[in-house]
Amino acid sequence: MRKIFLLVFVLLSALETLWAKDVVSGNIAPLATVSANSEYSRNYAAKFAVDGVIPDINSRFADINHCWCVNNETAKNHGELILQWSQPIDV
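So, here's what we can say about the structure. Everything numeric here is computed off the predicted structure, so don't read it as measured data.

**Observations regarding the environment of leucine 83**
Working step 1: By the secondary structure assignment, leucine 83 is in strand E2 (residues 81-84).
Working step 2: We classify leucine 83 as partly exposed; its relative accessible area is 27%.
Working step 3: Sequence separation between leucine 83 and alanine 29 is 54 residues, and the spatial gap between their C-alpha atoms is 7.2 Å.
Working step 4: Contact partners of leucine 83, with chain neighbours within four places excluded, come to Ala29, Ala32, Thr33, Val34 and Val50.

Below you can see the structure in the form of structure tokens.
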């Protein structure tokens, strides 16, 4: 009986290891291809929405090359940020 229990434990541990390696944790946004329906300028491109940098509030110009902004003249109050991964990701 003890041998069977040990065998089952080893098999379950092995299966858990196989399943766990396909699971991604943490910030997966930088792994995606980022696009948007509108960008204010190249200094406020969609890619900056996932760069991990969050400027301080009211930091005047610290958001340049770190934030995504919509050009409302073309977006008409409808900004759309799209993140696409090359394959499905389990989180």
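Still to come is the rest of the account.
**A short note on the side chain of serine 38**
Working step 1: Looking at where serine 38 falls in the secondary structure, it is placed in the loop between strand E1 (33-36) and helix H2 (72-75).
Working step 2: The exposure class of serine 38 is buried, given its relative accessible area of 4%.
Working step 3: Reaching out from serine 38, the side chain makes a polar contact with the backbone nitrogen of asparagine 71 at a distance of 3.0 Å.
Working step 4: Among the polar contacts listed, one links the side chain of serine 38 to the side chain of threonine 74, at a separation of 3.3 Å.
Working step 5: Setting aside residues no more than four positions away along its own chain, serine 38 makes contact with Trp68, Cys69, Val70, Asn71, Thr74 and Ala75.

**Observations concerning unusual backbone geometry**
Working step 1: Residues other than glycine seldom take positive phi values, yet asparagine 65 does so here, at roughly 65°.
Working step 2: Tracing the sequence through the fold places asparagine 65 in the loop between E1 and H2.

**Quick look at the environment of asparagine 37**
Working step 1: Along the chain, asparagine 37 falls in the loop between E1 and H2.
Working step 2: A sequence separation of 44 residues divides asparagine 37 from leucine 81, and the C-alpha atoms of the two residues are 6.9 Å apart.
Working step 3: Beyond its immediate chain neighbours, meaning those up to four positions away, asparagine 37 contacts His78, Gly79 and Glu80.
Working step 4: Here the side chain of asparagine 37 touches histidine 78 through a polar contact of 2.6 Å, landing on its backbone oxygen.

**So, the environment of lysine 47**
Working step 1: Structurally, the position occupied by lysine 47 is in the loop between E1 and H2.
Working step 2: Each C-alpha atom, one on lysine 47 and one on leucine 81, is 9.5 Å from the other, the two residues being 34 residues apart in sequence.

Cut-offs and rules
- Residues numbered from 1 in each chain as written.
- Predicted model: local features only at pLDDT ≥ 70, side-chain atom pairs only at ≥ 80, totals over all residues.
- Heavy atoms only, no water.
- Helix = DSSP H or I, 4+ residues; strand = E, 2+ residues; numbered from the N terminus.
- Buried < 20%, exposed > 50% of the residue type's maximum accessible area, 1.4 Å probe, protein only.
- Contact = heavy atoms within 4.5 Å.
- Polar contact = N/O pair within 3.5 Å; in protein donor to acceptor, adjacent residues only side chain to side chain.

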